[in-house]
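Structure at a glance
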Amino acid sequence: KIVSFRQRKRKRQHLKMQFKAITLLSLLLSVAVGVDVQGSFGSSTSVTANTATTINFGIAGINPSLTITTNQDAQVTLSLLVSAQTTPLPQGYNLLTQSSGASTNIGYQFNVSPSTTTFSANLTGGVLASTALAILAQANVQAGLLQFDATTQTYNQIAVAVPSVAQQLTFPLPSIGSYAFVAFNIQSPIPTFYGYARELTANVVTRVAYFVNSTQQLAIDVKSSVQTDLTVNYTTSVSNSNFDGYVSLDAFFQIETSSAAQVAANLSYTFDQAVLAAKGITADTLIFAYQTSTGWKVDGSASVSGNVVTQGTTHFSQWGVY
């Protein structure tokens, strides 16, 4: 009887373990196994929570497709951008035309609702046009994805990619918004939103540019001792902007990295001659200053070329232009 009881107990434990294993496998399969559905540009498609869903817009493997996994049931909409934004592209960037079914476009408008939905998404665009492929065949040119912010009229480079055998590009979509497929010269500064974490590769000079109303405002050429993220925030005023002997241009930048790093950088600010005239100063007096606990200080000397003032530094903090 004792043996029989122990055997039954072991059997029950074994069955419980089998049940848990089957349940876990079912959960994994519910996330890992994806589904393919047919979508239509401009119309919403329903996706199920925690299920990798590939929405095909035309013939699978040829026309654009969007693969997305959401944390809740959601509605996903992808629309075509058939013409360029009125805001000029950053210098060194050109639009890439592609075929999306019967249409020709340069990018996409992406939306997910409800707005509380979190997701991971990858977009494969249409087949690149011959003109686009010719641009990408040029020396020092890569393909990239730009996000456009209509409120600030600025662009942010999201990723770079290489065309597939089918002559298509695939990019991650980090958030809802408007995206344009572009070609860019690798020597051009990377357009970046203020507040966006831009990755820096260790011991490689990275050129980053920040814009206000389509005009380049700040550029940073930086080399970091470690891999880290660079974030810059802009404001027109700070609590204590007084700096004896200098006049503020009302341009302040909080520059920081996500981890401790030794940096060597050049800061370049594009100024407006009309603003200088209104403040009664001349370009040859312009400098960058950084804020400390005891006030503003100057780090090195600045140079002016055209309407750009440039200054070197080996540290990041809050900087202002004076």
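In what follows, the accompanying structure is described. All values reported here derive from a predicted model rather than from experimental measurement.

Summing up its helical and strand segments, the protein has three helices and 27 strands in all. Classification of the 322 residues of the protein by burial places 39% in the buried group. The contacts in the protein between residues at least 6 apart in sequence include a share of 64% that link residues at least 24 apart. On the protein, roughly 16700 Å² of surface is accessible, and the fraction owed to carbon and sulfur atoms is 53%.

So, about the sheet that holds strand E16 (residues 190-191). The six strands are arranged E16-E18-E19-E22-E26-E25 in an open sheet whose pairing can be described as mixed. At either margin of the open sheet sits one strand with a lone partner, and together these are E16 and strand E25 (302-305). Bridging between strand E22 (residues 263-270) and strand E26 (residues 308-313) involves six bridges; their strand directions are antiparallel. For Asn266, the partnering residue across the bridge sits in E26 and is Gly312.

For the coordinates displayed, the defined rule picks out two salt bridges. A salt bridge links Arg207 to Asp221, with the shortest nitrogen-to-oxygen separation between them at 3.3 Å. Within this pair, whereas Arg207 is found in strand E18 (residues 205-212), its partner Asp221 is found in strand E19 (residues 215-224), the two being separated by 14 residues in sequence. Assessed through its relative accessible area of 35%, Arg207 is described here as partly exposed.

On to the side chain of Asn156, then. One can find Asn156 in strand E13 (residues 154-161). A polar side-chain atom of Asn156 sits 3.1 Å from the main-chain amide nitrogen of Phe193. For Asn156, the contacting residues outside a window of four places in its chain are Leu145, Leu146, Gln147, Pro191, Thr192, Phe193, Tyr196 and Arg198.

As a further point, take the nonpolar core. Leu66, Val76, Leu96, Phe110, Leu169, Leu173 and Phe181 are the most contacted members of the largest nonpolar core, which totals 29 residues. Breaking this core down by element, the ones donating at least two residues are strand E4 (65-70), strand E5 (74-81), strand E9 (107-113), strand E10 (119-124), helix H2 (130-136), strand E12 (141-149), E13 and strand E15 (177-185).

What counts and how
- Residues numbered from 1 in each chain as written.
- Predicted model: local features only at pLDDT ≥ 70, side-chain atom pairs only at ≥ 80, totals over all residues.
- Heavy atoms only, no water.
- Helix = DSSP H or I, 4+ residues; strand = E, 2+ residues; numbered from the N terminus.
- Buried < 20%, exposed > 50% of the residue type's maximum accessible area, 1.4 Å probe, protein only.
- Contact = heavy atoms within 4.5 Å.
- Areas by Shrake-Rupley, 256 points an atom, 1.4 Å probe, with all protein chains shown as cover.
- Pairing = 2+ DSSP bridges.
- Salt bridge = Lys/Arg side-chain N within 4 Å of Asp/Glu carboxyl O.
- Polar contact = N/O pair within 3.5 Å; in protein donor to acceptor, adjacent residues only side chain to side chain.
- Core = buried A, V, L, I, M, F, W, Y, C linked by side-chain atoms within 4.5 Å.

Worth remembering: the numbers are spatial, not functional.
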